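# Overview (structure and organization)
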Amino acid sequence: MNIYPSVVENIARNAAAAPDRLALADSGTSYSYGQLWSRICALSAALGKRGASKGSCIVIECTQNADYMICEFAIQLAGGIFVPLEKNASADRAREIIADTEAVIHIGKTPVITGSDAPAFLTMDDIRGLMEPASAADTLPDPDDYDFPHGDDVAEILFSTGTTGKSKGIVLTHTNDTALAENVMYGVQMKKDNVEIVPMPLSHSHGLRRTYANMVNGSAAVFVDGVTLLKKVFNLMDEYGVTAMDLSPSMLSIIFKLSKDRLGDYADRLDYIQLGSAPLPEDDKLHLSRILPHTRLYNFYGSTEAGCSCLLDFNSMSGKPGCIGKPAKNARFIVVDKDRNEIISSRENPGFLASAGSINMKCYFKAPELTAEATGGGSDYIYTKDLGYIDDEGYIYMLGRKDDVINYGGIKIAPEDIESIAVKYEAVNDCACVPVDDPLTGQAPKLFIALKPDCEYDQQDFKAFLAERLDASKQPKYIELIDAIPRTFNGKIKRNQLLGR
């Protein structure tokens, strides 16, 4: 595996080459590369005096802004391991992760552990004071004066927010982070003057990796906390001349609902939009293509464990439903059977997707059994439960998760095929489809729908609507009303909470 320089070393080199270029911004502040690098150095030294050292863990609650990212890079420059907590994480979750990682510093709103075993505690206000350079001199810290982390060193541990049981910690190296950054950079054909708005949470892999890509590229990332305050999003886009966006499918849906086709006003400015973290409904793909006909529109496939590994510009590759594109720069794919033997796959003979490359995680934190399960006991590949196939042109298609795909009498149905149609019905606000046992066909689709407030709903009319637009095999056998569809922070449906209802 190739060894890559860390993201923080790339920042230092970019600061030396173009110190005045915009690097990070949010609604309250902005930093050039020179300012960013100076603050990373100052804060790294201060954290070192408080216990940050090679291999030590520092837990930090996400604040979704530029100062938070400075904190990450300062931790890593000191040799420490960045361990993010989601915004407003519970005290119990914070205590669990601090204890598991034996963190030496906790950065957050309030301390959650007291006594002699408590880690050093800092607030973000403390951090802002510590990151100010000692002098206002024009001379930037010389990158050659610093020992940067080695590519094989652990950069971060990202804990999942699983719905059942203890969350998993995904251990990633500096090589992983930079290789993933390259996948994004080369995948979206990122320009040097790129300015990308990132509303995805910076406590999780999606938002972090888009930021890393811009830092390695020497371009800019602008942070905003989600898209529900849409006026703030558009104001930031105007203020900083945003040329790219990073969204989840659920965020795109919110933008459509709150502003209709407002994104179309940026058609001449937006170089690309990249989407990921969950399947993108085909109808949303088509609508986005209509209002942004000349913008590259990328759908990324990947995971926290195996990164941004496959992508498709669906604005130039229409007519390929279910296609997730071709492998990214530092990834390769195979399809395997249930015993993890490589197969020649097709639509009629799908298997499980597996990917390899310098993007793959080091391991699961303190979980060798889980690591062995994901890697097949030490192979170069990370194996998934995603059913898919590779066509003759090398394009990869995903049918869905093994547990999500509905096997209707041998016909494999992706739940998104049904959901993307059902959500278009006027009274439906959100929906989710899951498999249920059926004595005749083995399984059948069951559709849960959440209605819009004050909308009239006629189930017979809804069924007629579906009948006009879906194949007979895809008609839901059961339809159930529900107050709200359970989703994760980034919009993924929590299907396990709907199974068996």
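Read on for a plain summary of the structure. Small disclaimer: the values here were computed from a predicted structure and weren't measured.

## Details of unusual backbone geometry
Of note in the backbone geometry, N88 takes a positive phi value of approximately 60° without being a glycine. Within the secondary structure, N88 is located in the loop between β4 (81-85) and α4 (91-101). One non-glycine residue, E102, adopts positive backbone phi at about 55°. The residue E102 is located in the loop between α4 and β5 (105-107) in this model.

## Digging into the packing of aromatic side chains
The geometry of an aromatic ring pair is captured by the separation of the ring centres together with the interplanar angle, meaning the angle of the planes. Applying the stated rule across the entire model yields 13 aromatic pairs. Measuring from ring centre to ring centre gives 4.8 Å for Y389 and Y397, while their planes differ by 5°; the resulting arrangement is stacked. Across this residue pair, the class does not change: Y389 and Y397 are buried. Connected via pairs of aromatic rings, a cluster forms that spans Y425, Y457, F462 and F465.

## Describing helix α9 (residues 249-259)
Within the span of α9, buried status applies to P249, M251, L252, I255, F256 and S259. Taken end-on, α9 shows its buried residues confined to a sector of 160°, consistent with a single buried face. Those residues of α9 that are buried lie in contact with α8 (230-240), β11 (244-247), β12 (272-275) and α10 (282-291). Count one or two residues on from α9 and you reach K260, which has phi positive near 55°.

## As for the pairing of β4
Of all five residues in β4, five are buried; the element is thus mostly enclosed. Covered by surrounding structure in β4 are I81, V83 and L85 together with F82 and P84, the residues of both alternating faces. Pairing analysis gives five bridges linking strand β3 (residues 57-61) to β4, with the strands arranged parallel. By the bridge assignment, E61 is partnered in β4 with L85.

Rules used throughout
- Residues numbered from 1 in each chain as written.
- Predicted model: local features only at pLDDT ≥ 70, side-chain atom pairs only at ≥ 80, totals over all residues.
- Heavy atoms only, no water.
- Helix = DSSP H or I, 4+ residues; strand = E, 2+ residues; numbered from the N terminus.
- Phe/Tyr/Trp six-rings, centres within 6.5 Å; stacked < 30°, edge-to-face > 60°.
- Buried < 20%, exposed > 50% of the residue type's maximum accessible area, 1.4 Å probe, protein only.
- Arc of directions from axis to C-beta.
- Contact = heavy atoms within 4.5 Å.
- Pairing = 2+ DSSP bridges.

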